[in-house]
Amino acid sequence: LESERHDFGVGFVSNWRIWVEGLTMQATRVYRNGILGFCLNMGSGRRVLESCRWWPECWGIKRGSPPRRSARTRCSVVDFRFVSANAELYQETIRNRKVDADVHQVVGLYEEFKKLRAEESQLRSARNENAGQMKKMKAMTAEEREQCILEGKELKARIAELELELQRVETSLNEEAAKLPNLIHPDAPIGPEENAAVLQMVGSKPEFDFEVKSHLELGEALDLFDFENAARVAGNKFYYLRNEAALLELALISWALSKTTALGFTPLITPDLARESVVSGCGYNPRGSSSQIYSVSDSDLCLVGTAEIPLGGYYADQILDPKDLPIKMAAFSHCFRQEVGAAGAVTRGLYRVHQFSKVEMFVISHPDQSDQIHQELRKIEEDMYESLGLHFKVLDMPTEDLGNPAYRKFDIEAWMPGRGSYGEISSASNCTDFQARRLNIRFRASQGENQFVHTLNATACAVPRMIVAILENFQQSDGSVVIPEVLRPYMGGRTKIDALPA
């Protein structure tokens with residue numbers, strides 16, 4: 001019996017090569033998140049035995065093939081050596097974000113893991129040495145043979161105990177490391193949402209010589225929405241779009257995809273479902289009481305809350321050619337969110353709902369390009385919303401408003417007269433290598449090992465909130481709503497939504 005062990009981050013694969021009557025077999029044992037899987041290759045025929053529902057293909061182990069380090073090998077959620085060397089920086093980040101994480105616990109678990117792994121390596125070396133001695137048993141005395149066998153049994157038992165301990169520590173290490181947020185851009189404001197820095201004000205508030213209506217009042221008068229029947233069919237915070245509102249959604253989607261495609265983005269339509277591993281790889285919590293994600297029972301699937309999730313998964317476990325970077329994608333998708341805790345007058349109507357349509361921009365870039373591309377995404381958003389004739393402000397969002405993946409985030413808030421306040425219509429985030437590390441998206445570096453890419457995302461058009469902004473800003477005294485000029489070609493030439501006859 002010969003054995004060898006391959007370490008992939010904090011996961012591992014153990015191989016045994018066994019010779020039985022001239023037949024070579026290779027058994028592969030794979031641990032991933034505490035789940036055990038086996039495959040067995042026998043001679044040149046490569047017959048495969050499965051003993052577990054989970055198959056280790058996501059680690060780059062194909063059916064009937066020996067394990068190997070590959071692009072499909074999952075990587076650690078963080079660079080543990082970097083985290084250990086910069087523990088105080090991470091602690092400051094945690095403090096400024098006000099998130100529940102403990103970098104010192106991560107560092108302690110990592111040190112414990114390394115110690116256990118070193119001990120295990122020593123024990124395996126001792127066991128291999130013991131196995132070598134067993135081959136010379138004929139030359140041993142009875143007492144020496146007994147001692148050799150006893151030592152082998154003790155080593156085997158200790159290694160088994162150590163593997164269980166390693167598995168326990170590895171699970172705790174991964175769980176705690178997954179709580180660590182991304183670092184923060186030095187220019188990001190510190191503190192809660194109200195500390196956001198206004199980077200730019202575009203346009204001016206429209207003036208009305210009549211009493212302004214909310215989008216809900218306009219929608220009822222123009223027969224654009226139906227919340228009552230939607231609640232009966234699907235529950236609260238769902239809706240039907242009717243008449244010109246249905247056409248306006250399709251117009252906004254076509255307009256957003258046309259604009260982004262003209263700027264070099266590849267248009268896509270994504271799945272509405274994604275595996276939990278992809279959801280968590282993008283930095284979202286797929287399950288739990290605080291999750292905003294809808295999960296499908298008895299499966300590992302979730303309804304996506306944004307096209308960012310399936311777009312991030314598109315290149316998961318791949319090594320990209322640097323000459324192909326940046327990769328720019330713009331995707332239409334339906335988005336599903338539980339919106340736990342969302343309530344109040346300002347969230348009524350279309351402003352905060354459980355399902356909506358959106359066009360999302362997603363970029364995979366070289367690390368040296370991501371800051372520049374982040375600014376480019378912000379400029380695309382500004383140009384698009386300015387072309388609609390909206391008045392809005394651009395914000396550099398503070399640390400407590402950043403999601404765990406975001407290194408820096410720009411929000412755009414449009415003036416919504418019916419609400420009497422600004423409302424968020426888009427955001428643009430630079431996630432650096434936070435998502436790429438979890439999804440294992442790398443590029444071939446000119447020297448040294450392959451490096452992780454950076455990922456960025458930005459809203460091209462979140463349809464319901466855009467409808468809110470259009471209805472409230474372009475309402476007329478006769479109850480009609482003027483359609484922004486750039487959308488008219490996508491609305492069959494319509495110039496306005498006419499008021500219904502009294």
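Structure report, in brief. (Residues numbered from 1 in each chain as written. Predicted model: local features only at pLDDT ≥ 70, side-chain atom pairs only at ≥ 80, totals over all residues. Heavy atoms only, no water.)

1. Some details on the overall build of the protein
Scanning the protein from N- to C-terminus turns up twelve helices and 21 strands. When the 502 residues of the protein are sorted by exposure, 49% land in the buried category. Within the structure as shown, the protein displays about 24,300 Å² of accessible surface, and the carbon and sulfur contribution to it stands at 48%. (Helix = DSSP H or I, 4+ residues; strand = E, 2+ residues; numbered from the N terminus. Buried < 20%, exposed > 50% of the residue type's maximum accessible area, 1.4 Å probe, protein only. Areas by Shrake-Rupley, 256 points an atom, 1.4 Å probe, with all protein chains shown as cover.)

2. Concerning the side chain of Glu249
Structurally, the position occupied by Glu249 is in helix α7 (residues 243-262). There is no salt bridge for the buried Glu249, and the closest opposite charge comes from Arg465, which lies 13 Å off by N-O distance. Setting aside its immediate chain neighbours within four residues, Glu249 contacts Leu241, Ser357 and Val463. (Lys, Arg positive; Asp, Glu negative; His and termini not counted. Salt bridge = Lys/Arg side-chain N within 4 Å of Asp/Glu carboxyl O. Contact = heavy atoms within 4.5 Å.)

3. Let's talk about the packing of aromatic side chains
What the rule picks out here adds up to eight aromatic pairs. Ring geometry for Phe80 against Tyr110: centres 5.1 Å apart, planes inclined by 15°, an arrangement best described as stacked. Of this pair, Phe80 sits in helix α1 (residues 80-85) while Tyr110 sits in helix α3 (residues 103-134); the two residues are 30 residues apart in sequence, bridging distant segments of the chain. Centroid distance Trp415 to Tyr422: 5.2 Å. Interplanar angle 70°. Geometry classified as edge-to-face. Assigned by exposure class, Trp415 and Tyr422 land together as buried. Every member of this aromatic cluster is reached through a ring pair, and the members are Phe225, Phe227 and Tyr239. Here the basic side chain of Arg378 rests over the ring of Phe410, its NZ or CZ set 5.5 Å away from the ring centre. Here the basic side chain of Arg465 rests over the ring of Tyr351, its NZ or CZ set 3.8 Å away from the ring centre. (Phe/Tyr/Trp six-rings, centres within 6.5 Å; stacked < 30°, edge-to-face > 60°. Lys NZ or Arg CZ within 6 Å of the ring centre and 35° of its normal.)

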